[in-house]
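Below, each chain spelled out in residue letters.
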Amino acid sequence: MISFCGHETASCSIITFWWVGHFKVGSCAWVANQYNHYLSRKQPKTREVIMTKKISPAMTLLALAISAFAIGSTEFISVGLMPLLVQSFHVSLAQAGLTVSVYALGIMVGAPVMTLLTGQINRHTLMVIIMLLFILGNLVAAFAPVFSILLAGRVIAALAHGIFMTVASVIAADVVAPSKRASAIAVMFTGLTVATVTGVPLGTMIGQLGGWRWSFIFISLIGVLGLLADFLLVPRNLPLPSKATARGILRVLGNPQLLVALLVTALGYGGTFVAYTYLSPLLEQKMGWSASAVVVILVVYGLMVALGNTMGGRWANAKPLAALLKMFTGLFVTLLVLSVTANSQWLGLLTVLAMGFFAFMNVPGLQLYIVQLAEKYTPQDITMASALNIAAFNVGIALGSGIGGQVTSHLGLGWTPLFGAGMVALSIGLTLWLIRLARPVKRLIHKFNQY
């Protein structure tokens, strides 16, 4: 049975599965209240045991990583499906690239807005709602009759993505010791990197064998696994963050160091996507690899991403800014080299794999650094700062993929790495400025400790 009920005071509308077997539309707060009411109807003794049972931080991180795997699979699946989408909907390559940039824009808007609307919902309940919304968006994409409906499904899934990364990053940092926060965030983001190893290549292969629609159905099934993992392994008694407000956005953006850090995230992370968004056509058309070989290459590329993400998390634990500078420099050099080797099959392939190593290495450090700055300058807005950084990641994706589309249309695929290197160069300059700002503060602290 499908029924719809509107609420005038609804803060946002979503569709969610209701436990007695029908659907309703309501506000996020209404869904949370109904879900908690459902829990209260369970046997009191059983619920008390569940609520008081200690869940290992490692198990919580595992649940977050599984959900991140599902979300990472859908974020980048369009990269592998690009030729199929062009053929199915009769759109240009640049138009097909909208499936990446529109998704990124959905996260960019959704992360801060959804944070404002869901800030006081129980974290466990919110994680369940997020995964239900994610599953819905991918099913809409899977059964889209026209390209515009496909984009709408991507936006729905993107809203879930934005709020998930915001909440999951804070949960990951909170359940471990302070000295292991970057590593914990890296474990959570490992789900994204593993998605590039297996989820994206497997989804691409499924699309090539059975059609691109089955790729999104496959991702929806992974989302169900993430839903179950969050339901079972995310603690039900996690503390709520300080209430997020619109003024919190202004406080974060009004701080010069936080604002520059957000720009570093957008430019440093987004630079890769000028080339990565069009990686499949680059491998096939410029380097001469077959479609079946591209699937294997994407697997190896994902392995390099996973390795880089793990190493980046370890290196960023102590001094995130210094580590980020080295990572961005490595990525900059790699993109410059790729602009030269793009026409060579084997040299181009090796450079692409090196790009994979550096591409996501900066993610744990960027997320940790923004949290550290927020703790120092806007301690009441840590969750909002995290949300804005997630938005900044996706500003970078949208900007990078958009630039890549224009470069591809007017100059050709081979020019995309060079423009990506330009974005990363700007992030290097801003990182150096942040390091310079931090040094006087460190000197003052050192002198104070001497006295």
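As the structure is a prediction and not an experimental result, all values here were calculated from the model. (Residues numbered from 1 in each chain as written. Predicted model: local features only at pLDDT ≥ 70, side-chain atom pairs only at ≥ 80, totals over all residues. Heavy atoms only, no water.)

Undergrad: When you look at the overall build of the protein chain in this model, what are you seeing that I'm missing?
TA: Each helix and strand counted, the protein chain has 19 helices and two strands in total. Counting only residues that meet the buried cut, the protein chain has 57% of its 451 residues in that class. Accessible surface for the protein chain amounts to roughly 18800 Å². Of this, 68% is attributable to carbon and sulfur atoms. (Helix = DSSP H or I, 4+ residues; strand = E, 2+ residues; numbered from the N terminus. Buried < 20%, exposed > 50% of the residue type's maximum accessible area, 1.4 Å probe, protein only. Areas by Shrake-Rupley, 256 points an atom, 1.4 Å probe, with all protein chains shown as cover.)

Undergrad: I tried to follow the packing of helix 3 (residues 57-89) against helix 9 (residues 212-233) on my own but got confused; where do I start?
TA: Closest axis-to-axis distance for the helix 3/helix 9 pair is 9 Å, and the angle between their directions is 170 degrees. As the angle between them shows, helix 3 and helix 9 are arranged roughly antiparallel. Classifying every residue of the contact of helix 3 with helix 9 by side-chain character gives 18 nonpolar, eight polar and one charged. (Axes fitted to C-alpha atoms, helices over the stretch in contact; angles between N-to-C directions. Parallel < 35°, antiparallel > 145°, perpendicular 65-115°, else oblique. Nonpolar A, V, L, I, M, F, W, Y, C, P; charged D, E, K, R; others polar.)

Undergrad: So what exactly am I meant to see when it comes to the packing of aromatic side chains here?
TA: Two measures describe an aromatic ring pair: the distance that separates the ring centres and the angle between the ring planes. Across all of its chains, the model carries eleven aromatic pairs by this definition. Ring centres of Tyr 269 and Phe 393 lie 4.9 Å apart, and the angle between their planes is 80 degrees; on these two criteria the pair is classed as edge-to-face. Placement of Tyr 269 in helix 11 (residues 256-270) and of Phe 393 in helix 18 (residues 382-410) is noted, with a sequence separation of 124 residues between them. When its relative accessible area of 5% is taken as the criterion, Tyr 269 is described as buried. Judged by its relative accessible area of 5%, Phe 393 is buried. Where Tyr 276 meets Tyr 301, the ring centres are 5.4 Å apart and the plane angle is 15 degrees; that geometry is what we call stacked. (Phe/Tyr/Trp six-rings, centres within 6.5 Å; stacked < 30°, edge-to-face > 60°.)

Undergrad: Explanation requested: the side chain of Ser 67 in the structure shown.
TA: Mapped onto the fold, Ser 67 is located in helix 3. Only 2.7 Å separates the side chain of Ser 67 from the side chain of Asp 230, close enough to count as a polar contact. Once residues lying within four places of it in the same chain are set aside, the contact partners of Ser 67 are Met 131, Phe 164, Gly 226 and Asp 230. (Polar contact = N/O pair within 3.5 Å; in protein donor to acceptor, adjacent residues only side chain to side chain. Contact = heavy atoms within 4.5 Å.)

Undergrad: I'm lost on the nonpolar core in this one. Help?
TA: Proteins that are soluble and globular tend to have nonpolar side chains buried together. If you look at the biggest cluster of nonpolar residues, it comprises 133 residues, and the most contacted ones within it are Leu 64, Phe 134, Leu 150, Phe 164, Met 165, Met 188 and Tyr 301. With near-sequence residues (within four places) excluded, Phe 164 lies in contact with Leu 64, Ser 67, Ala 68, Ile 71, Met 127, Ile 130 and Met 188. (Core = buried A, V, L, I, M, F, W, Y, C linked by side-chain atoms within 4.5 Å.)

Undergrad: So what exactly am I meant to see when it comes to the environment of Gly 97 here?
TA: One can find Gly 97 in the loop between helix 4 (93-96) and helix 5 (98-118). Separated by 181 residues in sequence, Gly 97 and Tyr 278 have C-alpha atoms that sit 7.8 Å apart. Dropping the residues within four chain positions of it, Gly 97 is found in contact with Met 82 and Tyr 278.

Undergrad: Whenever I open this one, the pattern of salt bridges confuses me. Can you help?
TA: A side chain with one charge may pair with a side chain of the opposite charge, provided their charged atoms come close. Using the criterion set out here, one finds one salt bridge in the structure. Among the ionic pairs, Asp 381 bridges to Arg 251, the shortest N-O distance being 2.6 Å. On the criterion of sequence distance, the pair formed by Asp 381 in the loop between helix 17 (363-377) and helix 18 and Arg 251 in helix 10 (residues 246-254) is long-range, its members being 130 residues apart. Look at Arg 251 and you get partly exposed, because its relative accessible area is 33%. (Salt bridge = Lys/Arg side-chain N within 4 Å of Asp/Glu carboxyl O.)

Undergrad: Please clarify how the packing of helix 3 against helix 6 (residues 123-142) should be interpreted in this entry.
TA: Angle between the axes and distance between the axes are the two parameters that describe a pair of packed helices. Packing of helix 3 against helix 6 brings their axes to within 11 Å, and their N-to-C directions diverge by 25 degrees. Relative to helix 6, the element helix 3 lies roughly parallel. When the axes of helix 3 and helix 6 are compared, the crossing they make is left-handed. Along the contact surface, helix 3 presents Leu 64, Ser 67, Ala 70, Ile 71 and Thr 74, while helix 6 presents Met 127, Met 131, Phe 134 and Asn 138. Partitioning the contact of helix 3 with helix 6 into residue classes produces six nonpolar, three polar and no charged. (Left-handed = near helix turned anticlockwise from the far one by under 90°.)

Undergrad: How should the confidence of the model for the protein chain be read in this particular structure?
TA: Detailed reading of the predicted coordinates is not advisable wherever pLDDT is low. When pLDDT is averaged across the protein chain, the result is 82; 85% of the residues are at 70 or more. For residues 1-32, every residue scores under 50 in pLDDT, and the model assigns this stretch 59 contacts once sequence neighbours within four places are set aside. Across residues 38-52, confidence stays below pLDDT 50; counting only partners more than four residues off in sequence or on other chains, it has nine contacts. (pLDDT = per-residue confidence, 0-100.)

Undergrad: Mind showing me how you'd approach unusual backbone geometry here?
TA: Although it is not a glycine, His 90 sits at a positive phi angle of roughly 55 degrees. Residue His 90 is classed as exposed on the basis of its relative accessible area, which comes to 71%.

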